[in-house]
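Architecture at a glance
What follows is the residue order along each chain.
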Amino acid sequence: MNATVDDPTSLALEAAAQIRTQAGTASADLALVLGSGWKSGADQLGTPVADLPLGDLPGFHIPAVAGHGGRLLVLTTPTGKTALVFTGRTHFYEERGVDAVVHGVRTAAELGVTTLVLTNGAGGVNPAWAPGQPVIISDHINLTGASPLHGPTFIDMSTTWTPALVALAQQVDPSLPTGVYVQFRGPQYETPAEVRMARVLGGDLVGMSTALEAIAAREAGMDVLGISLVTNAAAGVTDQPLDHAEVIAAGEAAAPRLAGLVRDLVGVL
Ligand code: 8IG
């Protein structure tokens with residue numbers, strides 16, 4: 001193999017090496033990606049080991065959107081596990097390519113992470129869900145037309161969203177529904193017709209992240225848990241127009257519940 005410094009594996013190795021040096025930790029057990037609405041609990045998840053600006057680590061970028069965070073917290077959980085907590089992610093619509101989107105997942109894999117928790121803010125397709133509702137991701141539909149895999153990498157996707165982790169999350173909060181997450185490319189929100197399409201395809205949530213990360217995580221052999229926060233009804237589900245400020249506000253209103261949920265989950269992972 002003709003590895004160059006910017007091939008995705010080398011870049012993840014480089015980032016992992018820097019995290020080892022800067023955090024003084026050889027490996028990690030868990031990784032969490034905290035999306036819109038999910039960041040406020042980050043520092044309650046354990047004893048801090050390191051707090052690194054993502055933009056300073058090889059292959060990572062400062063998030064393009066205000067409110068999307070941009071740090072890597074390394075911490076020791078109450079059960080003694082080492083967790084990597086990413087507050088912020090690179091989205092496909094930032095046009096840095098799919099490898100940049102999944103770089104955090106690959107870096108976590110290089111550090112030995114075997115369990116990945118992906119969170120996001122999403123539009124609710126299911127009219128029963130009001131803004132502020134967390135939903136466990138049971139499966140996904142990738143409508144981006146892209147994949148993080150290179151070459152003939154025929155990985156099995158039948159249990160991408162680890163059933164045992166879905167069950168664990170439901171034990172932590174039995175009120176949580178499950179749903180199918182549909183990743184669109186964005187950055188525009190959907191038209192009402194696209195939301196109806198997502199619904200007839202079996203989708204319950206629409207968003208612009210997460211599915212591509214889950215594919216990379218499965219390639220790396222990780223178990224994956226996903227939880228979406230419904231921050232808005234998807235276009236056409238109600239007569240409200242979509243507004244980024246309202247999305248942020250719904251995330252802030254739900255923050256205490258989400259912080260508790262993530263903390264409780266980390267306690268059993
Ligand atoms: I937060 O309604 C959030 N992210 N595609 N549609 C899509 N992404 C989203 C939405 C939404 N809300």
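Up top is the structure.
The following refers to the structure shown.

Rules and cut-offs
Residues numbered from 1 in each chain as written. Predicted model: local features only at pLDDT ≥ 70, side-chain atom pairs only at ≥ 80, totals over all residues. Heavy atoms only, no water. Core = buried A, V, L, I, M, F, W, Y, C linked by side-chain atoms within 4.5 Å. Buried < 20%, exposed > 50% of the residue type's maximum accessible area, 1.4 Å probe, protein only. Helix = DSSP H or I, 4+ residues; strand = E, 2+ residues; numbered from the N terminus. Contact = heavy atoms within 4.5 Å. Near = heavy atom within 4 Å. Polar contact = N/O pair within 3.5 Å; in protein donor to acceptor, adjacent residues only side chain to side chain. Areas by Shrake-Rupley, 256 points an atom, 1.4 Å probe, with all protein chains shown as cover. Nonpolar A, V, L, I, M, F, W, Y, C, P; charged D, E, K, R; others polar. Patch = residues over 30% accessible without salt bridge, like charges linked within 9 Å, V, L, I, M, F, W, Y side chains within 5 Å. Salt bridge = Lys/Arg side-chain N within 4 Å of Asp/Glu carboxyl O. Expected span 1.5 Å × (residues − 1). Bend = angle between axes of the 7 residues up to and from the residue. Pairing = 2+ DSSP bridges.

Attention shifts here to the nonpolar core. The biggest cluster of nonpolar side chains holds 43 residues, and the ones touching the most others in it are Leu72, Leu84, Phe86, Leu116, Leu205 and Leu212. Ranked by the residues each element gives to this core, the list is headed by helix 6 (residues 211-219), at five residues. Among residues more than four places away in sequence, those in contact with Leu84 are Ala28, Leu30, Ala31, Leu32, Leu72, Leu73, Val74, Ala108, Leu111 and Val113. Leu30, Leu32, Leu34 and Leu176 belong to the second-largest nonpolar core, a separate cluster that totals 26 residues.

So, on to the site of the ligand. The environment of the ligand is formed by Gly121, Ala122, Gly123, Tyr189, Glu190, Val206, Gly207, Met208, Thr231, Asn232, Leu242 and Val247. In the environment of the ligand, a nitrogen atom lies 3.4 Å from a nitrogen or oxygen atom belonging to the backbone of Gly123. At 2.7 Å, a side-chain N or O of Asn232 approaches a nitrogen atom of the ligand. Look at the ligand: alone it shows 330 Å² of surface, and the protein chains cover 94% of it. For the shell around the ligand, the elements supplying multiple residues, two or more each, are strand 5 (115-124), strand 8 (205-207) and strand 9 (223-233). Residue contributions to the shell around the ligand peak at three residues, all from strand 5. Taken together, the residues that form the shell around the ligand break down as six nonpolar, five polar and one charged.

Judged by side-chain polarity, Leu143, Met197, Val200 and Leu201 come together as a nonpolar surface patch covering roughly 360 Å² of accessible area. With a relative accessible area of 72%, Val200 lands in the exposed category.

Summed over all chains, the structure comprises eight salt bridges. Glu94 is the partner of Arg96 in a salt bridge, and the nearest nitrogen-oxygen pair spans 3.7 Å. Judged by relative accessible area, Arg96 falls into the partly exposed class, the value being 41%. By relative accessible area, which is 15% here, Glu94 ends up buried. Close ionic contact of Arg106 with Asp99 constitutes a salt bridge, the shortest N to O distance being 2.7 Å. You can call Arg106 buried: its relative accessible area is 13%. One continuous salt-bridge network, built from bridges that share partners, spans Asp99, Arg106 and Glu219.

The end-to-end C-alpha distance of helix 7 (residues 244-268) is 33 Å, a good match for the 36 Å that 25 residues give at a rise of 1.5 Å each. Taken as a whole, helix 7 carries its principal kink of about 55° at Ala255; the proline Pro256 stands between one and four residues after it. Those residues of helix 7 that sit buried are Val247, Ala250, Gly251, Ala254, Ala255, Leu258, Ala259, Gly260, Leu261, Val262, Leu265 and Val266. Buried residues along helix 7 sit against strand 1 (30-34), strand 6 (133-142), helix 4 (163-172) and strand 9.

On to the pairing of strand 6. Pairing between strand 6 and strand 9: four bridges, direction antiparallel. Pairing of Ile136 across the sheet is with Ile227, part of strand 9. Judged from the six bridges that link them, strand 6 and strand 7 (residues 178-183) form a sheet pairing that is parallel. Counted as the bridge partner of Asn142 is Gln183 from strand 7.

Geometry only, nothing functional implied.
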